[in-house]
Structures are given as C-alpha cells and as structure tokens.
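Residues per chain are reported as follows:
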Amino acid sequence: MKIVKGIKKKNLEKARENIEVIRLYVRLLKDFHQINNNNRKAKLSMRKNIKRMKLYHHPERIYNELGIAGLKKDVTLKIEDISQYDQYHYLGTESVDEAIRGLTIDATTKVFDVGSGVGGPARYIAEKTGAYVTALELQPDLNATAQSLTQQCGLTDLVTHLCGNILEFTEEDYKYDALVSWLVFLHIPDRSSLLKKCNNILKANGKMFIEDFYKRGEFDKEELRILSEDVYCNYLPTLEEYRVQLTANGFSKIELVDMTERWSVFVKERFNKFIENRERHIKVNGIEIVEGLEDFYQKIVGLFNGRKLGGVRIVAQKE
Ligand SMILES: C[S@@+](CC[C@H](N)C(=O)[O-])C[C@H]1O[C@@H](n2cnc3c(N)ncnc32)[C@H](O)[C@@H]1O
C-alpha cells in the first residue's frame, strides 16, 4: 500500500514538473513574440521617423530637374548630368574624390557604401574608378530612385543596390576592401553595433572613409529638439569620444579632419542660393517640396551657427 502511495506521489510530482516546463515554454514563446513584435515596430518606426527629415521627401524630385534639362527617363545619363542633384552630403563630388584618394580606390577595389541615398556617391566612384560598389540604403523610395538612376547611367554591372538597415546587414561572409559613408552615422545612436558591423564588412587592413556630425559643445533644448525631430539625430559623440569608439571597435591609423568651417560656409551658401532661386524651384518642384527643403536647409544653417554642431571627415583602418 505504501509503495502504491509512493508511486502516486512521484507521478504527481512528475506531472507538476511537466506543467512547470510547459508554463516556462509558453512564457518563452510569449517573450519571443513580444521581442519580435518590438523589433518589427522599432524597424517600422525608424523608417517612419527618418522621413521627418524633409531632405528625404519625394526623392523622385530629381526627375523634375533632369526633365527641365531635357534628360527624360529614356535618355542615357552621364554622371556629370546628375551629380549636382544626387549627392545628399556637403561639398558634392569633391568629397567623393577625397574618399577615392584617401582609400586609393581603383578598378580592383570592392567598395561598400553605407546609407547610399539616391546612389550619387556609389555611381560616381564606379564611373571614375571602375570599382565594384555595393550600396546599402534604408529607405525603400530612395533606394528605388537610386536603382533606376544607376540603370539610366548604364552602371548596373558595377553598382549593386540593396535596401536595408546596416545594423541588420548579415551578408558578412563577403568582405570588402573599402567602406564609405556620408552623413549616415548621425542617424544611428548605437555606435558600438554600427562600428562592429563596419569592421566586420571589411577585409583585414581594409579602410573606411566617413563624413559625419560631431558634438563641439552642449546643445540647448531647442537645438536638441531640431536635431531629433528635423534631422533624426539623437546622439552625437565629441571628436575624442569618436576616436575612442573607433579604437574600441577594431580601427587604427585614425585620421580626423575637422570640416566644421567648410561645412558652415557650404550650408549657408546652399540656403542663400536656394532662396534666390525660390520661384524657379517652385516652378520645377512645386511649393510643398520647396517649403520642405527651405525649412530643412534653414535649420541646418541655424545648427552650424550655434557652433555646437561640428563636421568631421574620418579615415581609419581595420586592425
Ligand atoms: C544624408 S543621407 C546621405 C546619402 C548618401 N550617403 C549621399 O551622401 O548622397 C543619409 C542616408 O543614410 C540612410 N540611412 C540612415 N540610417 C541608415 C541605416 N541604419 N542603414 C542604412 N541606411 C541608413 C538614410 O536613409 C539616408 O538616405
């Protein structure tokens, strides 16, 4: 009788244990779904929030400019035809020439472009050097415009466009000789993950060229609001912090060039020229696009005038 009771007790304990295991599985499954949901929401909100930056509205507006210049969609485009419209950074192709020189890019170089926008720098590098360029862009509409312009330039053999987030880039088996990135890092607060990704994409001794914002002084409340809401920029390191982060994530031979003065002049000239030609721009692009760009250009001038926003050009090597 005692033995039967003991067996019953043991079975009961086993059943309780099994129920606990099942409960644990259910909880893990729920957590897993929650994490997946949160990740999906974060991704969607990143794509949605970055669109607050008015530079990224209507990327297809480049066709309005090309149309006015008599370059319809069926015409083969030359790089010179579009380079004044497709560079979403400062100093245009002059800065891309610096990258070509700094990283000694030639026809044998495999280049990875992080945050390629409508593809201006990637096409320019491919056309000037014959290098093979993989261009990764987060926003699907910018990427689609990039793809169609690359096709129109006859550069599809050299430039491959991918749409996605650099933080989720997983095709890291294929390594690149050089990595370039213009005004992209400012959108990505998680610098450690970002720099680790960049490091992983490069071959041993591969080099990287970045242009980015940095923090020169403490921003006031209004500047922080503009940076966050109009520039989608929620974190900036100082130059010293930048250097430390690069070193901590496997980069050496770090060269930092302060671009603040040149960029301050550039953004002021860009804004003044835009205002001077306002009527012309309205005729070409319509009032909504013009008001959006005017507001964005003006806010960037305000930030540089405040003297706490800085610009930096970085060349560094994977250890
Ligand atoms: C100021 S634009 C510069 C575009 C291009 N580099 C150029 O100079 O013409 C910054 C670009 O980075 C892209 N971007 C931002 N965060 C990204 C991310 N996590 N992954 C990939 N691209 C990103 C934006 O969508 C935007 O097109």
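Residues numbered from 1 in each chain as written. Predicted model: local features only at pLDDT ≥ 70, side-chain atom pairs only at ≥ 80, totals over all residues.

Colleague: Would you take a moment to explain the packing of helix H11 (residues 278–285) against helix H12 (residues 287–305) for this structure?
Modeller: When two helices pack together, you describe them by how their axes are tilted relative to each other and by the distance separating the axes. The geometry of H11 relative to H12 is characterised by a closest axis approach of 7 Å and an angle of 130 degrees between their N-to-C directions. Regarding the angle of H11 to H12, the classification is oblique. Counting all contacts with H11, which are made through Arg-278, His-281, Ile-282 and Asn-285, the residues of H12 involved are Ile-287, Ile-289 and Val-290. (Axes fitted to C-alpha atoms, helices over the stretch in contact; angles between N-to-C directions. Helix = DSSP H or I, 4+ residues; strand = E, 2+ residues; numbered from the N terminus. Parallel < 35°, antiparallel > 145°, perpendicular 65-115°, else oblique. Contact = placed C-beta atoms within 7 Å.)

Colleague: Would you mind going over the packing of helix H10 (residues 260–276) against H12 with me for this structure?
Modeller: Contact pair H10 / H12: the axes reach a minimum separation of 9 Å and the direction vectors enclose 150 degrees. By the criterion of interaxial angle, the relationship of H10 to H12 is roughly antiparallel. Seen from above, H10 lies across H12 with left-handed handedness. Residues Trp-263, Ser-264, Val-267, Lys-268, Arg-270, Phe-271 and Phe-274 of H10 touch H12, and the partners they reach there are Leu-293, Glu-294, Tyr-297, Gln-298, Ile-300, Val-301 and Phe-304. A class-by-class count of the residues in the contact of H10 with H12 yields 9 nonpolar, 2 polar and 3 charged. (Left-handed = near helix turned anticlockwise from the far one by under 90°. Nonpolar A, V, L, I, M, F, W, Y, C, P; charged D, E, K, R; others polar.)

Colleague: I keep staring at the sheet that holds strand E7 (residues 309–318) and nothing clicks. Help me out?
Modeller: Working definition: the strands of a sheet are paired by backbone hydrogen bonds and lie parallel or antiparallel to each other. Spatially, the 7 strands line up as an open sheet ordered E3-E2-E1-E4-E5-E7-E6, and their pairing is mixed. Both outer strands of the open sheet, strand E3 (159–163) and strand E6 (251–258), are each paired with one neighbouring strand and no more. Strand after strand, the sheet turns through a mean of 15 degrees between neighbouring axes, direction not considered. (Pairing = 2+ DSSP bridges.)

Colleague: What should I look at first to understand the site of the ligand in this one?
Modeller: Close contacts around the ligand come from 22 residues, with Tyr-88, Gly-115, Gly-117, Leu-138 and Trp-182 the closest. Secondary structure elements with two or more residues in the shell around the ligand: helix H5 (120–129) and strand E2 (132–137). Partitioning the shell around the ligand into residue classes produces 12 nonpolar, 9 polar and 1 charged. (Near = placed C-beta within 6 Å.)

Colleague: Would you take a moment to explain helix H6 (residues 140–152) for this structure?
Modeller: An α-helical turn contains 3.6 residues, so any two residues separated by three or four positions project in the same direction. With 13 residues, H6 ought to run about 18 Å at 1.5 Å a step, and its terminal C-alpha atoms sit 18 Å apart, in line with that. By the burial criterion, the buried members of H6 are Leu-142, Asn-143, Thr-145, Ala-146, Gln-147, Leu-149, Thr-150 and Gln-152. Looking at the buried side of H6, the elements it contacts are helix H2 (62–68), helix H3 (79–82), H5, E2 and E3. Looking at the residues trailing H6, positive phi occurs at Gly-154, about 70 degrees. (Expected span 1.5 Å × (residues − 1). Buried ≥ 20, exposed ≤ 12 C-beta atoms within 10 Å, placed from the backbone.)

Colleague: Explain the environment of Phe-213 here, please?
Modeller: Within the element layout of this structure, Phe-213 appears in strand E5 (residues 202–215). In sequence terms Phe-213 and Leu-183 are 30 residues apart; their C-alpha atoms lie 7.1 Å from each other. In contact with Phe-213, not counting residues within four places along its chain, are Leu-186, Cys-233, Leu-236, Leu-309, Gly-310 and Gly-311.

Colleague: Just checking my understanding: could you explain the nonpolar core for this structure?
Modeller: Grouped burial of nonpolar side chains is what soluble globular proteins tend to show. Grouped together as the largest cluster of nonpolar side chains are 67 residues, with contacts concentrated most on Val-111, Ile-125, Val-133, Leu-179 and Cys-198. Setting aside residues up to four positions removed in sequence, Leu-179 forms contacts with Phe-112, Val-114, Cys-198, Ile-201, Leu-202, Gly-206 and Met-208. (Core = buried A, V, L, I, M, F, W, Y, C linked by C-beta atoms within 7 Å.)

Colleague: Quick question: what am I supposed to make of the environment of Leu-138 here?
Modeller: Assignment of secondary structure puts Leu-138 in the loop between E2 and H6. The class for Leu-138 is buried, based on 24 C-beta atoms found within 10 Å. When the C-alpha positions of Leu-138 and Leu-162 are compared, they lie 8.6 Å apart, and in sequence the two are 24 residues distant. Sequence-distant contacts of Leu-138, that is, excluding residues within four places in its chain, are made with Arg-47, Ile-50, Gly-115, Gly-164 and Asn-165.

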